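Breakdown of the fold
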Amino acid sequence: MSSKEYESYYVPAQSHWPIIGAVALFLIAIGAGKYVSVLKTGEASWGGYVLLAGIAMVIYMVWGWFSNVINESMSGKYSHQMDNSFQQGMSWFIFSEVMFFAAFFGALFYARMFSVPWLGGESNNAMTWEVLWPEFQATWPLLKTPDGTTTTQMGWYGLPLINTILLLTSSVTAHFAHVALEQNKRSQLKMWMWATVILGVVFLYLQVMEYQHAYSDDMKLYLDSGIYGNTFFMLTGFHGMHVTLGTIMLIVMMVRIYKGHFTPENHFAFKAASWYWHFVDVVWVFLFVFVYVI
């Protein structure tokens, strides 16, 4: 049997990048927890410094690790079997992200459909919550917290609707960029990639404006504003983090495009970034409906 029937499968040497990534994620978790805990009070905290250190380590890890992968790919060490492994890895990664958001949507569903009615006394085995919280009203969203603070619900119109249009449009431009790459139309590819990146950056800017509006004296919608504030900021915040990651991925792909790294036959890195961007767009559609509209 000829050896040409087999393809070589590149196995890299041991790497220190996973260890650096694990330490960075640990620092981010500890720093973010401490920082958020004192965010409303405005007290000085070491959490912000730890959070920044963790983010810096993540950037360093991603830069170094991805540089190694790009150099290995450009030097011809990867085969078709290696591409299949990358595709499977990216597919499982996106699946894990789907489960991540499914957990938060599940928590939102449970709070709205089960917890709030039970606390209102709808169940035969439940005691009306008025015994402990006289002003409780079993209607969603819970805009009044036990400490007496009244918040305002974030409407679906305005910035949320504009951001929805921006993300849906960016998904279309990302698809056009992919088609242009497959057809080897480099000028159109660059144009559509610029449009996609700009739309992603504008989305993030408008989300920051939305958070500033939420924390204003008019709305008083904070992270600790009861279950409504928790679910709102956790879902939109984590989605914003994913959009940030997706935008960075698209920027890296655009830099590589200008360096002429991709061909119509070999462009899995671009395809993976496109998959991820479409994923965050779909998640936002569900988020917009269940968090803002319903």
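Residues numbered from 1 in each chain as written. Predicted model: local features only at pLDDT ≥ 70, side-chain atom pairs only at ≥ 80, totals over all residues. Heavy atoms only, no water.

Turning our attention to the UniProt feature "transmembrane region" (unreviewed entry) in the protein chain. The sites that UniProt annotates as "transmembrane region" (unreviewed entry) are residues 16-36, 48-70, 90-111, 161-180, 192-211, 232-255 and 275-293. A helix fraction of 100% and a strand fraction of 0% characterise residues 90-111, whose end C-alpha atoms lie 32 Å from each other. For residues 192-211, the helix share is 100%, the strand share is 0%, and the end-to-end C-alpha distance is 29 Å. (UniProt positions renumbered as here; feature names shortened; annotations may be inferred. Helix = DSSP H or I, 4+ residues; strand = E, 2+ residues; numbered from the N terminus.)

What follows deals with the packing of aromatic side chains. With the rule as written, the count across this model stands at 29 aromatic pairs. Relative to Tyr60, the ring of Trp17 lies with its centre 5.3 Å away and its plane at 65°, an arrangement referred to as edge-to-face. Of this pair, Trp17 sits in helix 1 (residues 17-37) while Tyr60 sits in helix 2 (residues 47-74); the two residues are 43 residues apart in sequence, bridging distant segments of the chain. Centroid distance Trp284 to Tyr292: 5.8 Å. Interplanar angle 50°. Geometry classified as tilted. The structure contains a cluster of three or more aromatic residues connected by ring pairs, namely Trp140, Phe203, Tyr211, Tyr215, Tyr222, Tyr228, Phe232, Phe233, Trp284, Phe288 and Tyr292. (Phe/Tyr/Trp six-rings, centres within 6.5 Å; stacked < 30°, edge-to-face > 60°.)

On the surface, a nonpolar cluster with roughly 1100 Å² of combined accessible area is contributed by Trp156, Tyr157, Leu161, Ile165, Leu168, Val282, Val285, Phe286, Val289, Phe290, Val293 and Ile294. By residue number, the principal contributor to the nonpolar patch is helix 7 (residues 268-293), which donates 6 residues. Structurally, Trp156 can be placed in the loop between helix 3 (80-119) and helix 4 (159-182). (Patch = residues over 30% accessible without salt bridge, like charges linked within 9 Å, V, L, I, M, F, W, Y side chains within 5 Å. Areas by Shrake-Rupley, 256 points an atom, 1.4 Å probe, with all protein chains shown as cover. Salt bridge = Lys/Arg side-chain N within 4 Å of Asp/Glu carboxyl O.)

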